[in-house]
Amino acid sequence: MSLERAPATLAVDSRCTHGEGVLWCDRRQSLLWIDIAERQLWQHTPASGSTRHWVLPDRPGCIGLFDDGTLLVALVSSLHRADLAAATDDALPLQWLADVDPHNAYTRSNDGRADRHGNFVFGTMNEHPARAADGRFYQYSSRHGLRTLPLPGIVIPNAISFSLDGRTLYWCDSVTPRIMACDYDPERASTANVRVFTTLANRAAEPDGSAVDAGGRVWNAQWRASQVSCYGADGALLQVQPVPVKNPTCVAFGGPDLRTLYVISSQLDHTPEALAASPHAGSLFSARQDHPGLPESRVHVA
């Protein structure tokens, strides 16, 4: 029996230079994602078909939802709160929350998601050509501020997601074709028992953003592989969702029943000829699934 499903279809022709960090806001019934390269935050509401975006003061690495309805926006070296209710067509007000590794000129915020306990977990990546593992993982909370998670240094952190009970943290270093797991204590911001969760079948592919569905399955967008792979809690490959662009970057479950898998993508790592042959690279795609996802976890304001 084939594990491969019908390809995802175009949902929003956004053509982001480097689309990332997609999530579904159940309260707004809207998708949110970022274009890192163009310093943009995007919003799309499927029911109305409306799409809008705002320019940010610096490159974003990831976003999250606060439980009061505002957004957490991680810029290159700082975290901010954004209030979409106060946004205009031209501006999105930001409130500073914390600095992130401000003295390292080569690192920037990258992938992140809220955990199941009201905190936000994210990583920093190293943009220096030497690719040293200078990135770190952090937990942000309104109660404790920014705390470093005791995980190994990293080049490109991605795939950050959590098991159903919130006690297992999944993550990867995208320069290696495998996804890791560790025990996670959200109260103490501590980790233990670091282990390999799964190794990609396509060793030329790079694991990118992940989401966990209502059955505890891990869905991972895979750069350079034109696909999203679904893994069981034991790391076994269960399903492959083809995407008609080379570089899918992040996934989210959305729609009223949370059974639509949304996939954002990137135009990076294309020759001019390849980009001309793939004009929808950087856009948002969708595919209906048999099993639902979970509502996006939210960061506690207080």
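Our subject is the structure that appears above.
Fair warning: this is a prediction, and the values are worked out from it, not measured in the lab.

**Quick look at the overall build of the chain**
Of regular secondary structure, the chain possesses one helix and 25 strands. Looking at the chain as a whole, 58% of its 302 residues qualify as buried. The contacts in the chain between residues at least 6 apart in sequence include a share of 48% that link residues at least 24 apart. When the accessible surface of the chain is split by element, carbon and sulfur atoms take 51% of a total near 11,900 Å². Taking the average location of the 26 positive side-chain charges in the chain and that of its 32 negative ones, the two points are 3 Å from each other.

**What about the sheet that holds strand S23 (residues 260–265)?**
Strand order in the open sheet formed by four strands is S1-S24-S23-S22, with antiparallel pairing between adjacent strands. The open sheet has two edge strands, strand S1 (9–12) and strand S22 (248–254), and neither has a second partner. On average, adjacent strands in this sheet sit at an angle of 35 degrees to one another, irrespective of strand direction. Relative to strand S24 (residues 284–288), S1 is paired through three bridges, and the arrangement is antiparallel. Paired with valine 12 across the two strands is leucine 284, which belongs to S24.

**Digging into the pairing of strand S21 (residues 237–242)**
The pairing of strand S20 (residues 227–231) with S21 spans five bridges and is classified as antiparallel. Across the sheet, the residue bridging to valine 228 is glutamine 241, located in S21.

**Examining the pairing of strand S14 (residues 157–162)**
Here is the key point about a regular strand: its side chains alternate between the two faces of the sheet. Within S14, six of the six residues are buried, which leaves the element mostly enclosed by the surrounding structure. Relative to strand S15 (residues 168–173), S14 runs antiparallel, the two sharing four bridges. Note on S15: the bridge partner recorded for phenylalanine 162 is leucine 169.

**Quick notes on the sheet that holds S15**
In spatial order, the strands read S14-S15-S16-S17; together these four strands make up an open sheet with antiparallel pairing. With one partner strand each, in any of the chains shown, S14 and strand S17 (190–199) form the two edges of the open sheet. Geometrically, the sheet is characterised by an average inter-axis angle of 25 degrees between neighbouring strands, direction not taken into account.

Rules used throughout
- Residues numbered from 1 in each chain as written.
- Predicted model: local features only at pLDDT ≥ 70, side-chain atom pairs only at ≥ 80, totals over all residues.
- Heavy atoms only, no water.
- Helix = DSSP H or I, 4+ residues; strand = E, 2+ residues; numbered from the N terminus.
- Buried < 20%, exposed > 50% of the residue type's maximum accessible area, 1.4 Å probe, protein only.
- Contact = heavy atoms within 4.5 Å.
- Areas by Shrake-Rupley, 256 points an atom, 1.4 Å probe, with all protein chains shown as cover.
- Lys, Arg positive; Asp, Glu negative; His and termini not counted.
- Charge placed at Lys NZ, Arg CZ, Asp CG, Glu CD.
- Pairing = 2+ DSSP bridges.
- Axes fitted to C-alpha atoms, helices over the stretch in contact; angles between N-to-C directions.

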